[in-house]
Amino acid sequence: MDLTQFFRFFDAAPIPYQSLDSSGNIRYVNAAWCRVLGYSKEQVLGTSFANLLPEKNRALFPQYITAFFEGNKTEKDAQYRLRHRDGSWLSVRYNGSVLRDPEIPEPLTQCFFYETAVENRLNREKEYYKGRYRELFDNARDGMAIYKPLPSGEDFTFVDFNRAAETITRTNQEEVVGKRLLEVFPNMDKTPLLQALRDVAADGKPRDLEPFYYEDDRRRGYRRNRVFRLPSGEVVTSFSDVTQEEIGKTFLKTVFTLEDNFVCTTIRGEVIQECNNALLDFLGLASMEAFKRIHHCICDCFIRDDAKGYIGADMDGINWLDYVITHQRTQTVKTIMLSKEGVPHVFSLHASPVTYDDKDRYLVLFSDITLIEDFQAELLRRLDEKTTELRQNIDLLQKSEEITKSGSWRMDLHRNTLLFSEGLKRLFNTPPQMSEIAFDDLHLYIPEAAATEIKEAIATAKTSGHYYTKKSIFLPSGAERIIVGIGETQWDETGNPISIVGVSNDVTESDRTEQLERENERLQLHRYKLDSLHHMFSAIAHHWRQPLSVISLVADDLAAQLEELPLPEETKSSMAKDLRMLLEHARFLSQTINDFALFASGTIKPTRFNLQHAVAETHALYKAKLDDFDIEMTMDGEGWELDGDRYELMRILTSLLENAIEAIQKKRLSTPGFAGKISLRIAPQTLTLCDNGSGVLPEHRSKIFDPYFTTKFMGWARASGFPFTTTASASPKTSRPA
């Protein structure tokens, strides 16, 4: 081609181009060259290229251009500084060679150049974006791996591996990059991931894989993957560890299959998610879809009863689930629901957090306590009936005694004299002949206390029209008698008082009998309460054993199936440990229920028992209460074996612990931040319990062993002093260290 065609070919090139002849003169420049250096073609064509060079390079340029042509040299990345038309200097890199063509009259150079500043800027941008990509890649929450397909398409080579992927797979980046997938993860061909990588590499369509289980010698667990292809042809997997979530789903599936438990899952502030078949059957619904057509939430089925503390959908502005979560540690949260037959049932509610499908949910357990509630109500009703009946009998007895033993008197207000009946004469040992006595001489014939009683009665009757009095008086013989008197004022037709009639009765013996009967009644009522409490605990034990048995059976079944589940050994070990602890708690609850029943029975069964064991059992029963009140309890000492009633001793310890807890709480009211402590020390023939509570006032210390003495408010007393009767014995002859 001719020179014109040659130059036209390069004029459209996007980078600067120039041609020099063997003398170093510029024969051709393209448009990009003119744009970069600021000259027009007319200004530079035919001029020496040395004019564009720094002064120190101009003298050397003729030698360089001659050597360039004679040696047919090829320049690659030769660095120059060229003068811009505005006088500034540009740093450039040249790539060029000598062009010799028969159709071109003389040899010419063909050279391209680019600015070094532009190259540096591009390199800086490249490093910036590379660093930003690295930060995003390494700090992603999910694991990420980049693969390059092998030519065969059967396997893939790791190109990159982020930090989250290292944590999830327990593999370092150095162990992975550059190696084949099946070399690092030998069992991946048994999962759907490898085929998904092949499919995405072939068609470029992203794939979301359901969680699958992977296991080899170093790692195991459930993984969720998303696979997609980059424009470069590389394939990327973004994956996360969902092992705990999948295990939680398995556990929930097991719980939901239990027929004797009512359970549901819900999200705070949202509708109920699902119920098990047992709860749906109780409500008379065939499916969860049927439930959602009728109800927005399970709380729609609640029947609120503020008098009994049963919750509804809303508790003073607090959502029912929030209320259960807040109060279930300090009280039993209860509600009422109607069965499909319309029969009301009382349920206790307990909510526990669970997480699956990337959502925080709550598993709510409904326990039917209707029988326990009914039994407690019936027990209280019977106690009220018995109390009313006893009070009526006491009133009848008092009235009959007053009628048979009373003595009467009458005062004539006009004459100011007193007339005594024979019964009253005998009562006050008045001379038989003295039937009428002047009021002012009353103290001469009857005991002074009796005279005072009659005078006070007359003064009261004159004011209010009637009187009642009960006093202790001493007869001339020195005997103390208790006298009860009642009376009223009699009026004439004009409304003026004419006389006062009174009846006095010696109730000394009946009063003492009454006191004894009241005490006997109290003891009988106490025994009745203990007996009722024993029956109630037996009923509770019978009611609780079924769910405890179900829990134990389910735990045993889960433990048996655990080895068959495709789970990591660490997960299996952790779950097995949790199941063993669940079984231990179930056995502890079952034994605790039996202990409560025997504890409340009041039956004395002398046996040989270990003192330290009895103390430890009492502490175990009270541990939760002590923890709730943030009270530290320490025990030390050597155990001894005793002959006696273990539960009687536990009752004494229970009373002491209750008093200690109340004393500590009382002191906390006056001492904020006070740390409560209880210490219990076992020594030969001595059991010492101390607390740092409010202490016993000096005026009470001499009375603490008096029967029925208490410093608590009326209705609060749970102890009657410390004169407990127990058959426990511990002498050096019969006791020995445990």
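The structure we're discussing is the one just above.
Computed from a predicted structure; not experimentally measured.

Here is what the cut-offs are and how they apply
- Residues numbered from 1 in each chain as written.
- Predicted model: local features only at pLDDT ≥ 70, side-chain atom pairs only at ≥ 80, totals over all residues.
- Heavy atoms only, no water.
- Core = buried A, V, L, I, M, F, W, Y, C linked by side-chain atoms within 4.5 Å.
- Buried < 20%, exposed > 50% of the residue type's maximum accessible area, 1.4 Å probe, protein only.
- Helix = DSSP H or I, 4+ residues; strand = E, 2+ residues; numbered from the N terminus.
- Contact = heavy atoms within 4.5 Å.
- Salt bridge = Lys/Arg side-chain N within 4 Å of Asp/Glu carboxyl O.
- Pairing = 2+ DSSP bridges.
- Phe/Tyr/Trp six-rings, centres within 6.5 Å; stacked < 30°, edge-to-face > 60°.
- Axes fitted to C-alpha atoms, helices over the stretch in contact; angles between N-to-C directions.
- Parallel < 35°, antiparallel > 145°, perpendicular 65-115°, else oblique.
- Left-handed = near helix turned anticlockwise from the far one by under 90°.
- Nonpolar A, V, L, I, M, F, W, Y, C, P; charged D, E, K, R; others polar.
- Expected span 1.5 Å × (residues − 1).
- Bend = angle between axes of the 7 residues up to and from the residue.
- Polar contact = N/O pair within 3.5 Å; in protein donor to acceptor, adjacent residues only side chain to side chain.

### Let's talk about the nonpolar core
Ile298, Trp320, Met337 and Phe366 are the most contacted members of the largest nonpolar core, which totals 27 residues. Looking at this core, the elements that each hand over two or more residues are α12 (277-283), α13 (288-294), α14 (320-327), β15 (333-338), β16 (344-356) and β17 (359-368). Leave out the neighbours within four places in its chain, and Met337 touches Leu279, Phe282, Ile298, Cys301, Phe302, Val343, Pro344, His345, Phe347 and Phe366. By size, the runner-up hydrophobic cluster in this structure holds 25 residues, among which are Ile26, Leu53, Phe68 and Cys111.

### A closer look at the pattern of salt bridges
Applying the stated criterion across every chain, the model contains 19 salt bridges. The salt bridge partner of Arg27 is Glu106, with a shortest N-O separation of 2.1 Å. Within this pair, whereas Arg27 is found in strand β2 (residues 26-29), its partner Glu106 is found in the loop between β4 (89-99) and β5 (108-115), the two being separated by 79 residues in sequence. Owing to a relative accessible area of 29%, Arg27 belongs among the partly exposed residues under this scheme. Judged by its relative accessible area of 30%, Glu106 is partly exposed. Taken together, the shared-partner salt bridges in this structure form one network comprising Glu378, Arg381, Arg382 and Glu385.

### Quick word on the pairing of strand β28 (residues 686-691)
Pairing of strand β27 (residues 676-683) with β28, which is carried by 6 bridges, proceeds in the antiparallel orientation. The residue of β28 that forms the bridge with Ala683 is Thr686.

### Side note on the packing of aromatic side chains
Tallied over the entire structure, the rule returns 19 aromatic pairs. For the pair Phe68 and Phe69, a centre-to-centre distance of 6.4 Å together with 85° between the ring planes defines the contact as edge-to-face. Relative accessible area serves as the criterion here: at 3%, Phe68 is assigned to the buried category. For Phe69, a relative accessible area of 7% corresponds to the buried category. A centroid spacing of 5.3 Å and a plane angle of 90° characterise the contact between Phe302 and Trp320, whose relative ring orientation is edge-to-face. Placement of Phe302 in the loop between α13 and β13 (314-315) and of Trp320 in helix α14 is noted, with a sequence separation of 18 residues between them. A network of ring pairs unites the aromatic residues Tyr147, Phe156, Phe158, Phe161, Phe185 and Tyr214 as a single cluster.

### Observations regarding unusual backbone geometry
Of note, the phi angle at Arg170 is positive, near 55°, even though the residue is not glycine. Mapped onto the elements of the fold, Arg170 is located in the loop between α7 (163-169) and α8 (173-176). Take Arg170: its relative accessible area is 48%, and that puts it in the partly exposed class. Unlike most non-glycine residues, Asp630 shows phi in positive territory, near 55°. On the secondary structure map, Asp630 appears in the loop between α20 (611-628) and β25 (631-637). When its relative accessible area of 59% is taken as the criterion, Asp630 is described as exposed.

### Some remarks on the packing of α20 against helix α21 (residues 646-670)
It is the contact of α20 with α21, at a shortest axis distance of 10 Å, that shows an interaxial angle of 40°. Relative to α21, the element α20 lies oblique. For the element pair α20 and α21, the recorded crossing hand is right-handed. On α21, the residues touching Leu611, Ala614, Val615, Glu617, Thr618, Leu621, Tyr622, Lys625 and Leu626 of α20 are Arg646, Leu649, Met650, Leu653, Thr654, Leu657, Glu658 and Ile661. By residue class, the composition of the contact of α20 with α21 is 11 nonpolar, 2 polar and 4 charged.

### Topic: α20
For α20, built from 18 residues, the straight-helix expectation of 26 Å at 1.5 Å per residue is met to within 8% by its first-to-last C-alpha distance of 26 Å. Residue Tyr622 marks the point of greatest curvature in α20, where the axis turns by about 50°. When α20 is considered as a whole, its buried residues turn out to be Leu611, Ala614, Val615, Thr618, His619, Tyr622 and Leu626. Looking at the packing, one finds that the buried side of α20 touches β24 (607-610), β25, β26 (641-644), α21, β27 and β28. Between the side-chain oxygen of the N-cap and the backbone nitrogen of Gln612 there are 2.8 Å, and the N-cap of α20 in question is Asn610.

### A few points about the sheet that holds strand β9 (residues 220-229)
Read from one edge of the open sheet, 5 strands run β7-β6-β10-β9-β8, paired in antiparallel fashion. Two strands bound the open sheet, and with one partner strand each, they are β7 (156-161) and β8 (207-215). Taking the axes of each pair of neighbouring strands and ignoring which way they run, one obtains an average angle of 30° across the sheet. In the sheet, strand β6 (residues 143-149) pairs with β7 via 5 bridges, with the strands oriented antiparallel. Across the sheet, the residue bridging to Ile146 is Asp160, located in β7. Strands in contact with helix α10 (residues 192-203) are β6, β7, β8, β9 and β10 (235-241); relative to β9, the strand with the most contacts, it is inclined by about 5°.

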